[in-house]
Amino acid sequence: MTDAARIRVWDVLVRVLHWTLAAAIATCWISGHWPPRDFDAVHHTAGYVAGAAVALRLAWGFSGSSRARYARLAQFVRRPREVLAYARAMRSGREPRYLGHNPLGGWMVLLLWSTAAALALSGWLYTTDWLWGYEWLSDLHAAFAWLIVTLVVGHLGGVLVTSWRHRENLVGAMFSGTKRMPEGDDIA
């Protein structure tokens with residue numbers, strides 16, 4: 001496909017923050033399950049990086065430049081009615097292709113960011129003198145960790161299904177920032 005048949009969808013900041021968050025979450029998961037205390041500094045640092053990536057991405061989602069149209073939350077966070085309609089269309093194999101996030105993908109993004117933020121906050125709180133050593137906080141942090149793993153698996157599954165159904169490499173698009181131009185019933 002020629003460059004003329006492609007359109008820039010994901011700006012550099014979105015892509016860098018996406019892969020930074022993915023790497024930070026993977027690092028947290030691995031370092032959190034290594035022999036106890038061996039990788040605490042790595043785990044804590046990766047958690048702070050994840051929290052910062054979420055905060056920056058949210059800020060960019062609210063105030064990103066006009067050239068970052070697909071980064072804006074208002075562009076991809078849809079009403080529940082639209083999400084349900086998209087899910088029904090998907091179940092019947094007739095869902096439209098979205099240039100940005102589809103309605104289910106938009107809500108998955110919000111769930112992933114919320115859980116990553118909750119993980120970063122609960123992890124930080126656990127290191128404070130105020131809440132250090134509380135079992136309930138440790139359990140809550142662990143529950144958020146399992147939730148984010150579940151969400152990541154769902155996210156990857158959605159990326160694979162959508163890539164296959166629309167014959168589009170979404171992982172490649174998150175590296176290059178480009179997707180093929182809209183055609184037919186595609187929603188730009």
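As the structure is a prediction and not an experimental result, all values here were calculated from the model. In this convention, every chain numbers its residues from 1, walking through the sequence in written order. Where totals are concerned, whole chains, interfaces and linings use all residues; where local detail is concerned, this predicted model gives features only for residues with pLDDT of at least 70, and gives and counts side-chain atom pairs only at 80 or more. To obtain the side-chain values, all non-hydrogen atoms of the structure were used and water was disregarded.

Turning our attention to the overall build of the chain. Numbering of helices and strands starts at the N terminus; helices are DSSP runs of H or I of at least 4 residues and strands are runs of E of at least 2. Secondary structure assignment for the chain yields seven helices and two strands. Traced from its N-terminal end to its C-terminal end, the chain shows the element sequence β-α-α-α-α-α-α-α-β. With respect to the three principal axes, the spread of C-alpha positions in the chain is 60 × 30 × 30 Å. Burial classes follow relative accessibility: with a 1.4 Å probe on protein chains only, a residue under 20% of its type's maximum area counts as buried, one over 50% as exposed, and anything between as partly exposed. Burial status across the chain gives 37% buried among its 188 residues. Partitioning the contacts of the chain with sequence separation of at least 6, the portion at a separation of at least 24 is 67%. For accessible areas, the Shrake-Rupley method is used with a probe of radius 1.4 Å. Any residue's cover is judged against the shown protein chains and nothing else. Accessible surface, the chain as shown: approximately 11300 Å² in total, 67% of it carbon and sulfur. Positive and negative side-chain charges of the chain, numbering 19 and 13 respectively, have mean locations separated by a distance of 11 Å. Two residues form a contact once any of their heavy atoms are found within 4.5 Å. When charges are counted, neither His nor the chain ends are considered; positive counts come from Lys and Arg and negative counts from Asp and Glu. By convention, charge coordinates are those of NZ in Lys, CZ in Arg, CG in Asp, or CD in Glu.

Now for the nonpolar core. Generally speaking, a soluble globular protein has its nonpolar side chains buried in company with each other. Only buried Ala, Val, Leu, Ile, Met, Phe, Trp, Tyr and Cys residues count toward a nonpolar core, and they belong to the same one when joined by side-chain atoms within 4.5 Å. By size, the foremost hydrophobic cluster in this structure holds 19 residues, and its most contacted members are L21, W113, A116 and I148. Going through the elements one at a time, α1 (12-32), α2 (40-63), α3 (73-76), α5 (103-126) and α6 (135-165) are the ones with two or more residues in this core. Per-element accounting of this core gives the leading share, seven residues, to α5. Apart from residues lying up to four places away in sequence, I148 is in contact with I25, L112, T115, A116 and L119. In this structure, W10, V14, A68 and Y70 belong to the second largest nonpolar core, which totals nine residues.

Residues form patches when they are more than 30% accessible in relative terms and have no salt bridge. Like charges link within 9 Å. Nonpolar side chains (Val, Leu, Ile, Met, Phe, Trp, Tyr) link within 5 Å. Salt bridges are defined by distance alone: a side-chain nitrogen of Lys or Arg within 4 Å of a carboxyl oxygen of Asp or Glu. Together, I30, W34, F39 and V42 make up a nonpolar patch on the protein surface, roughly 370 Å² of accessible area in all. With respect to the helices and strands, V42 occurs in helix α2.

Limitation: the analysis is restricted to geometry and does not speak to function.
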